[in-house]
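As a plain string of letters, each chain reads:
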Amino acid sequence: MSEQRLHDRLKALTDSYFRQLPDKFAQADRLWKEILSRGEWGAQARELHRLLHSLAGSGATFGAQELSACARDFEHHLQDCVQQAPPINADEAGRMELHLQQLASCIDREVRQYSARS
(Lines give C-alpha, C1' and ligand atoms only; values in the text may rest on other atoms or scores of the structure.)
Protein backbone atom coordinates (compact mmCIF):
# COMPACT_ATOMS: atom_id res chain seq x y z
CA MET A 1 0.00 0.00 0.00
CA SER A 2 1.36 3.40 -0.90
CA GLU A 3 2.08 5.97 1.75
CA GLN A 4 -0.55 8.32 0.29
CA ARG A 5 -3.20 5.60 0.28
CA LEU A 6 -2.41 4.71 3.89
CA HIS A 7 -2.63 8.39 4.84
CA ASP A 8 -6.00 8.68 3.06
CA ARG A 9 -7.38 5.60 4.82
CA LEU A 10 -6.22 6.84 8.23
CA LYS A 11 -7.78 10.25 7.53
CA ALA A 12 -11.08 8.62 6.55
CA LEU A 13 -11.03 6.53 9.74
CA THR A 14 -10.29 9.58 11.88
CA ASP A 15 -12.98 11.64 10.11
CA SER A 16 -15.49 8.87 10.79
CA TYR A 17 -14.50 8.72 14.47
CA PHE A 18 -15.03 12.44 15.04
CA ARG A 19 -18.30 12.45 13.06
CA GLN A 20 -19.65 9.69 15.34
CA LEU A 21 -18.84 11.44 18.62
CA PRO A 22 -22.12 13.39 18.87
CA ASP A 23 -24.00 10.10 18.44
CA LYS A 24 -21.89 8.55 21.19
CA PHE A 25 -22.90 11.40 23.49
CA ALA A 26 -26.57 10.92 22.56
CA GLN A 27 -26.20 7.24 23.47
CA ALA A 28 -24.63 8.14 26.85
CA ASP A 29 -27.39 10.65 27.53
CA ARG A 30 -30.09 8.10 26.65
CA LEU A 31 -28.52 5.48 28.91
CA TRP A 32 -28.29 7.92 31.83
CA LYS A 33 -31.94 8.87 31.38
CA GLU A 34 -32.89 5.17 31.44
CA ILE A 35 -30.84 4.65 34.63
CA LEU A 36 -32.51 7.66 36.22
CA SER A 37 -36.02 6.60 35.21
CA ARG A 38 -35.47 3.07 36.59
CA GLY A 39 -33.83 4.40 39.75
CA GLU A 40 -31.22 1.66 39.84
CA TRP A 41 -27.70 0.87 38.67
CA GLY A 42 -28.52 -2.05 36.36
CA ALA A 43 -27.80 -3.17 32.81
CA GLN A 44 -27.92 0.38 31.46
CA ALA A 45 -25.18 1.42 33.90
CA ARG A 46 -22.99 -1.43 32.71
CA GLU A 47 -23.64 -0.44 29.09
CA LEU A 48 -22.84 3.20 29.89
CA HIS A 49 -19.65 2.06 31.62
CA ARG A 50 -18.58 0.14 28.47
CA LEU A 51 -19.34 3.18 26.30
CA LEU A 52 -17.30 5.49 28.53
CA HIS A 53 -14.43 2.99 28.66
CA SER A 54 -14.47 2.84 24.87
CA LEU A 55 -14.49 6.64 24.56
CA ALA A 56 -11.60 6.93 27.01
CA GLY A 57 -9.48 4.50 25.00
CA SER A 58 -10.45 5.63 21.52
CA GLY A 59 -10.06 9.29 22.47
CA ALA A 60 -6.44 8.64 23.36
CA THR A 61 -5.94 6.64 20.15
CA PHE A 62 -7.30 9.44 17.96
CA GLY A 63 -5.51 12.27 19.76
CA ALA A 64 -8.56 13.54 21.66
CA GLN A 65 -6.78 13.67 25.03
CA GLU A 66 -9.34 15.94 26.72
CA LEU A 67 -12.16 13.60 25.72
CA SER A 68 -10.16 10.61 26.91
CA ALA A 69 -9.59 12.16 30.34
CA CYS A 70 -13.20 13.34 30.67
CA ALA A 71 -14.61 9.94 29.72
CA ARG A 72 -12.20 8.19 32.08
CA ASP A 73 -13.24 10.41 35.02
CA PHE A 74 -16.91 9.76 34.26
CA GLU A 75 -16.19 6.03 33.86
CA HIS A 76 -14.47 5.83 37.26
CA HIS A 77 -17.29 7.69 39.01
CA LEU A 78 -19.88 5.44 37.38
CA GLN A 79 -17.88 2.34 38.29
CA ASP A 80 -17.84 3.44 41.94
CA CYS A 81 -21.60 3.97 41.82
CA VAL A 82 -22.26 0.56 40.29
CA GLN A 83 -20.05 -1.18 42.86
CA GLN A 84 -21.36 0.72 45.89
CA ALA A 85 -24.93 1.02 44.57
CA PRO A 86 -25.85 4.23 46.39
CA PRO A 87 -29.43 5.40 46.02
CA ILE A 88 -29.93 7.58 42.99
CA ASN A 89 -30.94 10.62 44.99
CA ALA A 90 -30.80 14.26 43.93
CA ASP A 91 -27.14 14.63 44.97
CA GLU A 92 -25.97 11.60 43.03
CA ALA A 93 -28.11 12.52 40.03
CA GLY A 94 -26.55 15.99 40.11
CA ARG A 95 -23.02 14.56 40.11
CA MET A 96 -23.85 12.30 37.18
CA GLU A 97 -25.48 15.18 35.29
CA LEU A 98 -22.32 17.23 35.80
CA HIS A 99 -20.20 14.42 34.35
CA LEU A 100 -22.59 14.19 31.41
CA GLN A 101 -22.39 17.94 30.79
CA GLN A 102 -18.59 17.79 30.95
CA LEU A 103 -18.61 14.93 28.43
CA ALA A 104 -20.82 16.96 26.08
CA SER A 105 -18.47 19.95 26.36
CA CYS A 106 -15.39 17.79 25.75
CA ILE A 107 -16.94 16.17 22.70
CA ASP A 108 -18.01 19.55 21.32
CA ARG A 109 -14.51 21.01 21.77
CA GLU A 110 -12.76 17.98 20.32
CA VAL A 111 -15.03 17.91 17.25
CA ARG A 112 -14.57 21.65 16.67
CA GLN A 113 -10.79 21.40 17.07
CA TYR A 114 -10.60 18.45 14.71
CA SER A 115 -12.76 20.21 12.13
CA ALA A 116 -10.52 23.29 12.32
CA ARG A 117 -7.41 21.14 11.70
CA SER A 118 -8.93 19.17 8.82
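Everything here concerns the structure above.
Some remarks on the nonpolar core
- Grouped together as the largest cluster of nonpolar side chains are 29 residues, with contacts concentrated most on Trp32, Trp41, Leu48 and Leu103.
- Counting residues per element, the ones that place at least two in this core are α1 (3–38), α2 (43–61), α3 (65–84) and α4 (90–117).
- With near-sequence residues (within four places) excluded, Leu48 lies in contact with Ala28, Leu31, Ile35, Phe74 and Leu78.

A few points about α4
- Between the first and last C-alpha of α4 there are 40 Å, a value that for 28 residues agrees with the 40 Å anticipated at 1.5 Å per step.
- Those residues of α4 not exposed but buried are Glu92, Ala93, Met96, His99, Leu100, Leu103, Cys106, Ile107, Glu110 and Tyr114.
- Residues of α4 that are buried sit in contact with α1, α2 and α3.
- At the N-terminal end of α4, a side-chain oxygen is found 3.1 Å from the backbone nitrogen of Asp91, two or three residues along, and the residue is Asn89.

Comments concerning the packing of α1 against α2
- Packing of α1 against α2 leaves a shortest axis separation of 9 Å and a crossing angle of 155 degrees. Relative to α2, the element α1 is oriented roughly antiparallel. Here α1 and α2 pass one another in a crossing that is left-handed. Residues Tyr17, Leu21, Lys24, Gln27, Ala28, Arg30, Leu31, Glu34, Ile35 and Arg38 of α1 form the contact with α2, whose participating residues are Gln44, Ala45, Glu47, Leu48, Leu51, Leu55, Ser58 and Gly59.
- For the contact of α1 with α2, the per-class residue count stands at 9 nonpolar, 4 polar and 5 charged.

Rules behind the numbers
Residues numbered from 1 in each chain as written. Predicted model: local features only at pLDDT ≥ 70, side-chain atom pairs only at ≥ 80, totals over all residues. Heavy atoms only, no water. Core = buried A, V, L, I, M, F, W, Y, C linked by side-chain atoms within 4.5 Å. Buried < 20%, exposed > 50% of the residue type's maximum accessible area, 1.4 Å probe, protein only. Helix = DSSP H or I, 4+ residues; strand = E, 2+ residues; numbered from the N terminus. Contact = heavy atoms within 4.5 Å. Expected span 1.5 Å × (residues − 1). Polar contact = N/O pair within 3.5 Å; in protein donor to acceptor, adjacent residues only side chain to side chain. Axes fitted to C-alpha atoms, helices over the stretch in contact; angles between N-to-C directions. Parallel < 35°, antiparallel > 145°, perpendicular 65-115°, else oblique. Left-handed = near helix turned anticlockwise from the far one by under 90°. Nonpolar A, V, L, I, M, F, W, Y, C, P; charged D, E, K, R; others polar.

So, to be careful, I would describe these as geometric facts and stop short of saying anything about function.
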